[in-house]
Structures are given as C-alpha cells and as structure tokens.
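Geometric and topological summary
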Amino acid sequence: MAEAILADVAGRVSALRERGVTPALATILVGDDDASAGYIRIKQRQAAELGFTSPHEHLPATATQADLHAAIAAFSADPAVHGLLVQHPVPGHLDYDRALQSMDPDKDVDGMHPLNMGRLALGIPGPLPCTPAGIEALLAHYGVPVAGKEVVILGRGATLGRPLAMLLAQKRPTANAAVTVVHTGVPDWPRYTLRADILIAAAGVPGIITPEHVRPGSVVIGGGVRYAGRRLLPDVDESCERVAGAITPRVGGVGPTTVAMLFRNAVTAAERASDGPPR
C-alpha cells in the first residue's frame, strides 16, 4: 500500500515540476539524538527519490524556544517551502506543542496542528494525521470492510487513538464504522476488544494485546509502539496471528504507511500552494 501511495506521489511531483514547481519538504531537528537524526535522514532520502527538495535546519540541544520558533517562522514564511516537519521529540526544556502551534497549518505535513485537528473533527479538507490516515488507507487497500463494522481502538492519544476514531466514524465508503475508544484506565477493556471486527492497538504499551484479547477471525492492526534502543516493541504480541483473520507485521506495518501519508500531505500542500488540483 505504501508503495502504491508513493508511486502516486511521485507522479504528482513530476507533474508539478513540469509546471516549474519544485515541491519542498523542510525539516527541523533540535539536538543530537541518534534515532531522530536517523529518521530525518530516511525522510530526506525518500524526499530525494520522489523529487522533493529537503531544506533542513539543525538546531543545537541548547536552542531556546525562541530559536525553535524562529526556524519555524522562516520556513513558514518561505513560499518555496510547501511542507514542514519538526522532528519529535525535542529536548525536554522545549515545548513541542507551542512550537507546533506557531507553524503555518497548511504546511503541517504531520497533520497535528490544532487547526488541522479541528478540520478533521468538522470534516473539512486539510492535512490528516499520518498514522490514522495510513491505517484507513491500509484497510481500504486490502479490501477490509469498514463501513458498518465495529472498530475498537485501544488508546486515546492525540496522535493516533483520538484522530483515528474521528476519521473512521466519518461518512465515507472506507470509514463509516461504529467506533469505540477504550484505554488502560478502563479495567475491563478486553470486554470491548473481544467484540471488535477490527481491533486497533494504539496504547504504546508493548505486548498489551495477546490472543485472549482478540476475537477469532478479526482484523488486528498494531499502531502503538515503544522502542528499546533501536528495537521496536509493538502493542500487539506476535502470537495474535494464531487467532486473527488478518494482522499487521511487527516490522513493516503502519510505519511505511505513515511515511507515505506524510509525503502525500506534502505534495498536496505543494499543489494547493501552486493552485494545482485539490486532492
């Protein structure tokens, strides 16, 4: 699915470049966290493969909130920059949410600006949060029926659980589900997951979903992860494949789809800025 989305993005980038528009996805990294630097390099390589330019600002770990806001303001004001990503997390003394709010919401390729979350809630077109949008597209790509089905999301976080619930409840052929959101504060949360046609783990608690929490034959998507060093620890234990009708793999599941949606948001922003066709 990610390959199909990126192929579409590459075609749209090519069409923009033929019109004299070179899409640009800017990135900001604060500090020297190896994992964050690695993610930036991956995105820059993908940008180059798709035909984007990728201007980058690397701020020291000692950067102030004002320094971060200044870097964001510069990219937000630059008409040659169409998309902007501030790599998360930032050093502890900085307020990421404040920084996000200072960004031009139309350049927010993560879809997490408060204005874009409001657009999602109201069904107004705008950049969508990448992991939720990728999950909807993943279900559609593999022909998993969603409309009218019971979807249970374990986790209520702002980056996944909450926006995904809004997205899958909207009236579209690839959504229109009965969505229930539960979390670890609900003592009997397995009572809900066991009735799900589609179960989406978004708690960020490694191994929280095991076979006894899954209705046999249901679709299971592992959205939440933690890291131990560079090892990915998913919410869904791999033994769940014994009972699930379909399941995302531990590696290569929602990660690639999230990146694909980020670049779809970026090319859409470039099209919008150059008065191209809305997507």
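Residues numbered from 1 in each chain as written. Predicted model: local features only at pLDDT ≥ 70, side-chain atom pairs only at ≥ 80, totals over all residues. Heavy atoms only, no water.

It is worth spelling out the nonpolar core at this point. Residues Val-9, Leu-25, Phe-52, Met-261, Leu-262 and Phe-263 are the most contacted members of the largest nonpolar core, which totals 27 residues. Elements represented by at least two residues in this core include exactly helix H1 (2-18), helix H2 (34-50), helix H6 (130-141) and helix H9 (254-273). Looking at this core, the element that brings in the most residues is H9, giving 7 residues. Setting aside residues up to four positions removed in sequence, Val-9 forms contacts with Leu-50, Phe-52, Phe-263, Arg-264 and Val-267. Judged by nonpolar contacts, the second largest core, of 20 residues, contains Leu-84, Val-90, Tyr-96 and Leu-100. (Core = buried A, V, L, I, M, F, W, Y, C linked by side-chain atoms within 4.5 Å. Buried < 20%, exposed > 50% of the residue type's maximum accessible area, 1.4 Å probe, protein only. Helix = DSSP H or I, 4+ residues; strand = E, 2+ residues; numbered from the N terminus. Contact = heavy atoms within 4.5 Å.)

Residue His-88 is joined to Pro-89 through a cis peptide bond whose omega torsion reads 5°. Residue placement: Pro-89 occurs in the loop between strand E3 (83-86) and helix H4 (96-101). The phi torsion at Asn-176 lies on the positive side, around 60°, for a residue other than glycine. Mapped onto the fold, Asn-176 is located in the loop between helix H7 (161-169) and strand E5 (178-182). Residue Asn-176 is classed as partly exposed on the basis of its relative accessible area of 35%.

Under the local residue numbering, the UniProt record ascribes the feature "domain: Tetrahydrofolate dehydrogenase/cyclohydrolase catalytic" (unreviewed entry) to residues 1-110. Here residues 1-110 is 48% helix and 13% strand, with 19 Å between the C-alpha atoms at its ends. (UniProt positions renumbered as here; feature names shortened; annotations may be inferred.)

Here 4 bridges tie strand E8 (residues 225-228) to strand E9 (residues 231-234), and the two strands are oriented antiparallel to one another. Within E9, the position partnered with Val-225 by the bridge is Pro-234. Hairpin connection between E8 and E9: a loop of 2 residues separates the two successive antiparallel strands, and Gly-229 in this loop has a positive phi of roughly 65°. (Pairing = 2+ DSSP bridges.)

So, on to the pairing of E3. A two-sided burial pattern is seen for E3, the buried positions comprising Gly-83 and Leu-85 on one face and Leu-84 and Val-86 on the other. Direction of pairing for strand E1 (residues 25-30) relative to E3: parallel, over a ladder of 4 bridges. What sits directly across from Leu-25, in E3, is Gly-83.

Another point: the sheet that holds strand E7 (residues 219-222). Sheet architecture is open: 5 strands sit in the order E5-E4-E6-E7-E10, paired in parallel fashion. Each edge of the open sheet is held by one strand with a lone partner, namely E5 and strand E10 (246-247). Of the pairings in the sheet, the one linking strand E6 (residues 198-201) to E7 comprises 4 bridges and is parallel in character. Each bridged residue has a counterpart across the sheet, and for Ile-198 the counterpart in E7 is Val-219.

Moving on, we come to the side chain of Gln-65. Within the secondary structure, Gln-65 is located in helix H3 (residues 65-77). From its side chain, Gln-65 meets the backbone nitrogen of Asp-95 in a polar contact 2.8 Å long. (Polar contact = N/O pair within 3.5 Å; in protein donor to acceptor, adjacent residues only side chain to side chain.)

Attention now moves to H3. With 13 residues, H3 should cover 18 Å at 1.5 Å per step; its first-to-last C-alpha distance of 18 Å lies within 8% of that length. On the buried face of H3, the contacting elements are E1, strand E2 (56-59), E3 and H4. (Expected span 1.5 Å × (residues − 1).)

On the UniProt side, "binding site: NADP(+)" (unreviewed entry) is annotated at positions that read Gly-155, Arg-156, Gly-157 and Val-225 here. The greatest C-alpha distance among the annotated residues, which extend across 71 residues, is 13.9 Å, indicating that they converge on a single site. Among the structural elements, Gly-155 can be located in the loop between strand E4 (150-154) and H7. With relative accessibility at 5%, the residue Gly-155 sits in the buried group. Once residues within four sequence positions are removed from consideration, Gly-155 is found in contact with Gly-161, Val-181, Val-182, His-183, Ala-202 and Ala-203. The topology assignment puts Gly-157 in the loop between E4 and H7. Using a relative accessible area of 33% as the deciding quantity, one classes Gly-157 as partly exposed. Every residue in contact with Gly-157, bar those within four places of it in the chain, is listed here: Arg-162 and Pro-163.

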